[in-house]
Amino acid sequence: MKLVIGGACQGKLRYVMESGGFSEESVARGDTLPLEDFCEKPVLWGLHLLVRRLLEAGREPQAWLETHCRMEEMTFLCDEVGCGVVPIRREDRDWREAVGRLCCRLAARSEEVVRVYAGLAQRIK
């Protein structure tokens, strides 16, 4: 498993596609991935968006990933959402915390964790 984090529009997807030899067909999108389907693709872009959708559907993100993905074979891309002003809405704070906790669990299990900032990759683990 690999986890790639970084701010929005910092080049995470480009980095993963170039370094891993993936094509656009290899990428599942967290904002459109059907919640009932098994994720067959090796790359999941927009993990933070998938977490929001799962929470809105009353589902637990970690449990969903365990049953719908081949986690040990996947690369997860997630925007950093925990920086900046604390959201006013409770739902947004809960979402932000859920994303952070999930990323901590994924990072602990991952073989490699990379942060991409301004198109530059920094290996953390």
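Use the structure listed above.
From a predicted model like this one, the values you see are computed outputs, not experimental measurements.

Trainee: What exactly am I supposed to notice about the pattern of salt bridges here?
Mentor: Think of it this way: side chains of opposite charge can pair up when their charged atoms draw near. By the definition in use, this model includes 14 salt bridges. Of the charged contacts in the structure, one is a salt bridge between aspartate 92 and arginine 89, with a shortest N-O distance of 3.2 Å. Here arginine 89 falls in the partly exposed class, since its relative accessible area comes to 48%. Of the charged contacts, one joins arginine 101 and glutamate 97 as a salt bridge, the two residues approaching to 2.7 Å between their closest N and O atoms. Remark: glutamate 97 and arginine 101 occur in helix α4 (residues 90-109); sequence separation between them is 4 residues, near one turn of the helix. Since its relative accessible area comes to 49%, arginine 101 is described here as partly exposed. For glutamate 97, a relative accessible area of 43% corresponds to the partly exposed category. Through salt bridges with shared partners, a single network forms among Arg52, Arg89, Glu91 and Asp92.

Trainee: What am I meant to see in the sheet that holds strand β4 (residues 75-79) here?
Mentor: Note: strands within a sheet are paired through backbone hydrogen bonds, in either parallel or antiparallel orientation. The 6 strands lie next to each other as β2-β3-β4-β1-β5-β6, forming an open sheet whose pairing is mixed. On the outer flanks of this sheet lie β2 (27-29) and β6 (120-123), each paired with one strand and no other. Mean inter-strand twist for the sheet, computed between neighbouring axes without regard to direction, equals 25 degrees. Across 3 bridges, the pairing between β2 and strand β3 (residues 43-45) is parallel. By the bridge assignment for β3, alanine 28 is matched with leucine 44.

Trainee: Just checking my understanding: could you explain the nonpolar core for this structure?
Mentor: One broad trend across soluble globular proteins is that nonpolar side chains are buried collectively. Within the largest apolar cluster, 27 residues are counted, with the highest numbers of intra-cluster contacts made by Leu44, Leu47, Leu50, Trp64, Leu65, Phe76 and Leu106. Mapped onto this core, the elements with two or more residues apiece are β1 (2-6), α2 (47-56), α3 (61-68), β4 and α4. Counting residues per element, this core draws most heavily on α4, at 6 residues. The next biggest cluster of nonpolar side chains, apart from the first, holds 8 residues, and it includes Tyr15, Val27, Val43 and Val116.

Trainee: Please explain the environment of cysteine 103 as it appears in this structure.
Mentor: Residue position: cysteine 103 is located in helix α4. Spatially, the C-alpha atom of cysteine 103 lies 9.8 Å from that of leucine 77, the residues being 26 residues apart in sequence. Ignoring anything within four residues of it in the chain, the contact list for cysteine 103 reads Leu3 and Cys78.

Trainee: Honestly, the packing of aromatic side chains in this entry has me stumped. Any pointers?
Mentor: Aromatic rings considered in pairs are described by the distance between their centres and by the relative angle of their planes. Tallied over the entire structure, the rule returns 0 aromatic pairs. For arginine 52, the ring lying beneath its charged end belongs to tryptophan 95, and the centroid distance is 3.9 Å.

Trainee: For this particular structure, what's the right way to read the environment of lysine 125?
Mentor: Assignment of secondary structure puts lysine 125 in the segment after β6. Considering only alpha carbons, one finds lysine 125 and tyrosine 15, 110 residues apart in sequence, at a separation of 16 Å. Those residues within four positions of lysine 125 in sequence are excluded, and the remaining contacts are Ala107, Ala108, Arg109, Ser110, Glu111, Glu112 and Val113. A polar side-chain atom of lysine 125 sits 2.8 Å from the main-chain carbonyl oxygen of serine 110.

What counts, and at which threshold
- Residues numbered from 1 in each chain as written.
- Predicted model: local features only at pLDDT ≥ 70, side-chain atom pairs only at ≥ 80, totals over all residues.
- Heavy atoms only, no water.
- Salt bridge = Lys/Arg side-chain N within 4 Å of Asp/Glu carboxyl O.
- Buried < 20%, exposed > 50% of the residue type's maximum accessible area, 1.4 Å probe, protein only.
- Helix = DSSP H or I, 4+ residues; strand = E, 2+ residues; numbered from the N terminus.
- Pairing = 2+ DSSP bridges.
- Axes fitted to C-alpha atoms, helices over the stretch in contact; angles between N-to-C directions.
- Core = buried A, V, L, I, M, F, W, Y, C linked by side-chain atoms within 4.5 Å.
- Contact = heavy atoms within 4.5 Å.
- Phe/Tyr/Trp six-rings, centres within 6.5 Å; stacked < 30°, edge-to-face > 60°.
- Lys NZ or Arg CZ within 6 Å of the ring centre and 35° of its normal.
- Polar contact = N/O pair within 3.5 Å; in protein donor to acceptor, adjacent residues only side chain to side chain.

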